[in-house]
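Observations on the three-dimensional arrangement
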Amino acid sequence: DTAVSQTPKYLVTQMGNDKSIKCEQNLGHDTMYWYKQDSKKFLKIMFSYNNKELIINETVPNRFSPKSPDKAHLNLHINSLELGDSAVYFCASSRPGLSQETQYFGPGTRLLVL
Amino acid sequence: AQKVTQAQTEISVVEKEDVTLDCVYETRDTTYYLFWYKQPPSGELVFLIRRNSFDEQNEISGRYSWNFQKSTSSFNFTITASQVVDSAVYFCALRMDSSYKLIFGSGTRLLVRP
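Residues numbered from 1 in each chain as written. Chains lettered and ligands numbered in written order. Predicted model: local features only at pLDDT ≥ 70, side-chain atom pairs only at ≥ 80, totals over all residues. Heavy atoms only, no water.

It is worth spelling out a nonpolar patch on the surface at this point. Taken together, Val12, Leu112 and Leu114 of chain A make up a surface patch of nonpolar side chains, about 270 Å² in accessible area. As for its position among the elements, Val12 of chain A is in strand E2 (residues 10-13). (Patch = residues over 30% accessible without salt bridge, like charges linked within 9 Å, V, L, I, M, F, W, Y side chains within 5 Å. Areas by Shrake-Rupley, 256 points an atom, 1.4 Å probe, with all protein chains shown as cover. Salt bridge = Lys/Arg side-chain N within 4 Å of Asp/Glu carboxyl O. Helix = DSSP H or I, 4+ residues; strand = E, 2+ residues; numbered from the N terminus.)

On to the sheet that holds strand E1 (residues 4-7) of chain A, then. Residues and elements named next belong to chain A. Strand order across the open sheet formed by 4 strands is E1-E3-E8-E7, with antiparallel pairing between neighbours. Each edge of the open sheet is held by one strand with a lone partner, namely E1 and strand E7 (64-70). With strand direction ignored, the average angle separating the axes of adjacent strands in the sheet is 20 degrees. Pairing geometry for E7 and strand E8 (residues 73-78), over 5 bridges, is antiparallel. By the bridge assignment, Phe64 is partnered in E8 with Ile78. (Pairing = 2+ DSSP bridges. Axes fitted to C-alpha atoms, helices over the stretch in contact; angles between N-to-C directions.)

With that settled, consider unusual backbone geometry. A cis amide bond, omega -5 degrees, links Thr7 of chain A with the succeeding residue Pro8 of chain A. Within the secondary structure layout, Pro8 of chain A lies in the loop between E1 and E2. For Ser80 of chain A, which is not glycine, the phi torsion reads 45 degrees and is therefore positive. With respect to the helices, strands and loops of the structure, Ser80 of chain A is situated in the loop between E8 and strand E9 (87-94). Positive phi, close to 50 degrees, is recorded for Ser73 of chain B, a residue that is not glycine. Secondary-structure assignment places Ser73 of chain B in the loop between strand E8 (64-69) and strand E9 (74-79). On the basis of relative accessibility, which here comes to 24%, the residue Ser73 of chain B falls in the partly exposed class. (Buried < 20%, exposed > 50% of the residue type's maximum accessible area, 1.4 Å probe, protein only.)

Overall, the coordinates contain 10 salt bridges over all chains when judged by the stated rule. One salt bridge in this structure joins Lys71 of chain A and Asp30 of chain A, with 3.0 Å as the shortest N-O distance. Here Lys71 of chain A is found in the loop between E7 and E8, whereas its partner Asp30 of chain A is found in the loop between strand E3 (19-25) and strand E4 (31-37), with 41 residues between them in sequence. Taking the relative accessible area as the measure of exposure, Lys71 of chain A reaches 36% and is therefore partly exposed. With a closest N to O distance of 2.8 Å, Arg63 of chain B and Asp86 of chain B form a salt bridge. Of this pair, Arg63 of chain B sits in the loop between strand E7 (59-61) and E8 while Asp86 of chain B sits in the loop between E9 and strand E10 (88-96), and the two are 23 residues apart along the sequence. Looking at Arg63 of chain B, the relative accessible area reads 25%, which means it is partly exposed. Residue Asp86 of chain B is classed as buried on the basis of its relative accessible area, which comes to 1%. Here the salt bridges share partners, and the residues they tie into one network are Lys44 and Glu58 of chain A together with Lys101 of chain B.

Once that is clear, we can look at the interface of chain A and chain B. Taken together, the contacts link 23 residues of chain A with 20 residues of chain B. In total, chain A and chain B occlude about 1,800 Å² of area from one another, counting both sides; carbon and sulfur atoms represent 58% of this. Summed over the three residues of chain A that lose the most area to chain B, namely Lys41, Leu43 and Phe105 of chain A, the buried surface amounts to 27% of that side. The interface formed by chain A and chain B holds 3 salt bridges in total. Put simply, Glu58 of chain A and Lys101 of chain B hold a salt bridge, and the shortest N to O gap is 3.2 Å. Looking at the side of chain A that touches chain B, the elements that each hand over two or more residues are E4, strand E5 (43-50), strand E6 (53-57) and strand E10 (104-105) of chain A. Of all the elements, E4 of chain A adds the most residues to the side of chain A that touches chain B, at 4 residues. Residue composition of the side of chain A that touches chain B, grouped by class: 12 nonpolar, 7 polar and 4 charged. (Contact = heavy atoms within 4.5 Å. Buried area = accessible area lost by both parts, 1.4 Å probe. Nonpolar A, V, L, I, M, F, W, Y, C, P; charged D, E, K, R; others polar.)

A separate point is the packing of aromatic side chains. Here the structure, examined in full by the defined rule, presents 20 aromatic pairs over all chains. By way of ring pairs, the aromatic residues Tyr33, Tyr35, Phe90, Tyr104 and Phe105 of chain A together with Phe35, Tyr37, Phe47, Phe91 and Phe104 of chain B are connected into one cluster. (Phe/Tyr/Trp six-rings, centres within 6.5 Å; stacked < 30°, edge-to-face > 60°.)

So, in structure tokens, the structure goes:
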């Protein structure tokens, strides 16, 4: 009964490869997010979808493409992986509009590009 | 510009000491939301508290307490009688009413020694 889940938990791959990370939430939330945590622990938003519509797209290389097949899922596809993409990627979800709106995070996907 | 500053990079205390983690934020919005998240060594991000800008009441939850002061743009977090299990990185975050994205501080690593 995990609220926000991500797969895989760990991903080790070679430079130049294409990889995907999947996220699912069972909280009934309308909005989902991708955040990147770098090696210095700094957390920054990448994308957000509300009911399958892209609402936040920060300055992220276009090698990163999010896809939301439905409001419970938000996947992240990364093309032509580079060394600098090594990080922890967190998915989150929330239901904006509620007076106590809060983003709940998944366990993270640790990506290492060799 | 919106910004969150956690000036304490790392704090080390002995078990049972009280410790306060500082958070200073910047925003020109009149309505905003402040959060604290905990990231234990296992890596997940755990929501601790949310505070709305129009609610300056301090909050206590067990050994945890939060002091929100709009006059100094601060939202500090105190752990009373710290325990080894409190060892983690703690993040303060800000969200404006006009945006869904969380703006995180750089985090404070707390080490509680037995």
